[in-house]
Amino acid sequence: MTHTNTRPAQGAELASMLAAIGCAVLYGLPNQAAAGELEKWDFDAAVLQYVESDNRVQATEAVVGATRHFDTETSLNLKLTFDSLTGASPNGAMTDDQPQTFTRPSGRGRYTVAGGELPLDDTFHDERTTVAAQWSAPLGRDWSYSGGLQYSAEHDYQSRGVNASISRFFNQKNTTLTVASNLSLDTVNPEGGVPVGLSEVAEWGSPTFSSDFANSRDGSTADKQILDLVLGVTQIIDRRTLMQFNYSLSLSDGYQTDPYKLVSVYDQAGGTLQGYRYEARPDSRLKQAVFWQTKYQAPNDDIIEGSYRYLFDDWGLDSHTLDLKYRWRFANQYLEPQARWYRQSAADAYQPYVTTAQLAEDPQALTADYRLGDFDAWTLGLRYGYRFTDDREVYTRLAVYRQMPRDVESDVTPADAADLPDMTALMLTVGVSF
Amino acid sequence: MKPLLTLSLLLLLAGCSSLGVKPWERDLLAQSDMQLVSDPIEASLDDHVYFSKEGSSGGRGFGGGGCGCN
C-alpha cells in the first residue's frame, strides 16, 4: 500500500486494452488461420468492485485470463490482474475519548482523528499489477504435471513466485494424488522506510521530531520468503459426486510485520493514552491447514458444493471456514446462492493495546491489527449466469461480507467488541467467459 | 499428528479403490460446473479479499505471498 494521492485507475479500461491487443495479434494472421487459432483459446475476464462501509477501503480489481489448448490435457494459461485501492484503513490504534493526531507513515505530514472515532489512516492508496503464466500437461498415461511463474508489483511491494505440481492417477483416474509446491520471494519497501519493531512513533510537532523519526527507521527494504506445500487427494465417489482432501503447509520466513500498523500505549486498562508504538510480528510463521471439499449434482441437475478448512499456525492463531454454494440450473441460466462463515481466534501477539508495564517487560512481538484478533465473519452472495453456449457465459455476483470482532477477555488489556473495528463490505463482480 | 495423517491417507486410499465410475460414466463430472474450482477467476478474487482481511489463507491452494495487503 502507498500513501500518495494519484488518480484511481480504471480496471475496465485495462481489460478492454488487453482485448484490443489480443485482437491486434490475431489480425496479423490470415483469416482462416486466425479463426483456427482462435478456436484453441479460451478467454475469461472479470471486474470486481469492492466497497467497505464508513468510507473505508474501496477497490477495483480487473482480471483477464487467456488459455491456449494444445490438446485436451495440455494448456498454457496467462493471467493479468490489476487492482486499485483507495480509502481509509484502521491503523491499529484504539478509539480514545480525546482527538488523536498521527504522523503519516512517510513522516511528511499528519492526520487527526476526532474523539470517539476509530483511527483510520485516510490516505490509503495502492495499485497492483500481477502477471502469471501456468503450463499444464500429461506425463504418460498415469501422471500429469504443471509449472508456473508469477510476478506482482505495487509501489511498496514486489513478489516473484514459482510453482510446480505433479499428479498421479489411480483406479481408472477415479483417484488423483497431487503434490504441489510454491516458492515466493517478496520485498517490501514501505513509505518512509522500515519501522523498527516496537519503537516509539515520533510525535508530530515535537522539537525532536526529525531525529525521533530517523531513529524509528531501519533501512528502506525488508524481505520474506514463503514456501508452500500442498498434498491433495481427489476422489470421484460416484457419477454425481466428487471430493477433495488437502493438507497444506506454508512456511514464511523474514519480515512479516505490517509497517503501517501501530499499537496504542496506555498506563492501564481504561487509563490515559501515553503514545504509540510500531507493531512487531515474529520473523517466521508456519501455517498448516486441512481442507475438504465436495461437489454433488442432484438428479434435477442442480449442484451443491460445500467446503471446510481448519487452519492453525505457530503464532497461536486458528480458524474455521465453512463455504456452501447451491447452483440452481434452469435451461441456459443459473442462480447460485452462496454462504461463507469464518471464525478466527487471535494470534498470541495480538492485544488491542499495550500497557506501559507490559512494555517494560520487553515483549518480542506485539500487534493490534484486528486481522490477527478474535473475530467472526460471514459472506452472503448471489451469482447469476447466462450461457450462450457451453463455454460462453456472462455472469454477475453480488456479495456482502461482514466482520464482527469479539470481546477481548484479558485481565490486563480487556476490550469491548464495540471499540474494535467491525466492517461490512459489498462486492459486485461482472464477468465473461468465451 | 504425522502418524495420524499418514494413517488417514492410507485408509482413504484403500477405501477409495472401491469408489468411482467407469470411463463412460463421466458425462456429468465432465461438465465445467462440476470441476472442483468451476470458476478460477471468482476463486482468485475471493482469495485476494480474504487474504487482505483475515489472518488465514490457502488450504484449497497456495496460501502465501504476492501481496503487501497483509
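Residues numbered from 1 in each chain as written. Chains lettered and ligands numbered in written order. Predicted model: local features only at pLDDT ≥ 70, side-chain atom pairs only at ≥ 80, totals over all residues. Heavy atoms only, no water.

## A few points about the packing of aromatic side chains
Thought 1: Applying the stated criterion across every chain yields a total of 13 aromatic pairs over all chains.
Thought 2: Between Tyr386 of chain A and Phe388 of chain A, the ring centres sit 5.2 Å apart and the planes meet at 65°, which makes this aromatic pair edge-to-face.
Thought 3: Looking at Tyr386 of chain A, the relative accessible area reads 30%, which means it is partly exposed.
Thought 4: A residue is classified by how much of its surface remains accessible, and Phe388 of chain A, at 57% relative accessible area, is exposed.
Thought 5: A ring pair is formed by Tyr401 of chain A and Tyr50 of chain B, whose centres lie 5.3 Å apart and whose planes are at 70°; its orientation type is edge-to-face. On the criterion of chain membership, the pair formed by Tyr401 of chain A in strand β20 (residues 392-405) and Tyr50 of chain B in helix α2 (residues 40-53) is interchain, its members lying in two chains.
Thought 6: You can call Tyr50 of chain B buried: its relative accessible area is 9%.
Thought 7: Among the aromatic residues, those joined into a cluster by ring pairs are Trp41, Phe43 and Phe434 of chain A.
Thought 8: Cation over ring: Arg68 of chain A sits above Phe70 of chain A, and NZ or CZ is 4.6 Å from the ring centre.
Thought 9: The lysine or arginine in question, Arg340 of chain A, covers the ring of Tyr50 of chain B, its NZ or CZ lying 3.5 Å from the ring centre. (Phe/Tyr/Trp six-rings, centres within 6.5 Å; stacked < 30°, edge-to-face > 60°. Buried < 20%, exposed > 50% of the residue type's maximum accessible area, 1.4 Å probe, protein only. Helix = DSSP H or I, 4+ residues; strand = E, 2+ residues; numbered from the N terminus. Lys NZ or Arg CZ within 6 Å of the ring centre and 35° of its normal.)

## Side note on the sheet that holds strand β12 (residues 262-266) of chain A
Residue and element names in this part refer to chain A.
Thought 1: Across the sheet, three strands lie side by side as β13-β12-β18; this open sheet has mixed pairing. The open sheet has two edge strands, β13 (273-278) and β18 (354-355), and neither has a second partner.
Thought 2: Note that β12 and β13 share five bridges and pair antiparallel. Each bridged residue has a counterpart across the sheet, and for Ser264 the counterpart in β13 is Tyr276. (Pairing = 2+ DSSP bridges.)

## A short note on unusual backbone geometry
Excluding glycine, a negative phi dihedral is what most residues carry, and trans is how most peptide bonds are arranged.
All names here are of chain A.
Thought 1: Despite not being glycine, Asn171 shows a phi value in the positive range, around 55°.
Thought 2: By secondary structure assignment, the location of Asn171 is in the loop between β8 (157-170) and β9 (175-188).
Thought 3: Judged by relative accessible area, Asn171 falls into the partly exposed class, the value being 27%.

## Notes on the nonpolar core
Thought 1: Among the nonpolar cores identified, the biggest contains 22 residues, and Tyr50, Tyr401 and Met427 of chain A together with Ile41, Leu45 and Val49 of chain B are the most heavily contacted of them.
Thought 2: Secondary-structure elements contributing two or more residues to this core are β1 (41-52), β2 (58-69), β17 (333-345), β19 (375-389), β20 and β21 (423-433) of chain A together with α2 of chain B.
Thought 3: Among residues more than four places away in sequence, those in contact with Met427 of chain A are Leu48, Gln49, Tyr50, Thr379, Arg397, Leu398, Ala399 and Tyr401 of chain A together with Val49 and Tyr50 of chain B.
Thought 4: In this structure, Ala93, Phe102, Phe209 and Leu262 of chain A belong to the second largest nonpolar core, which totals 11 residues. (Core = buried A, V, L, I, M, F, W, Y, C linked by side-chain atoms within 4.5 Å. Contact = heavy atoms within 4.5 Å.)

Function cannot be inferred from these measures alone, as they are strictly geometric.
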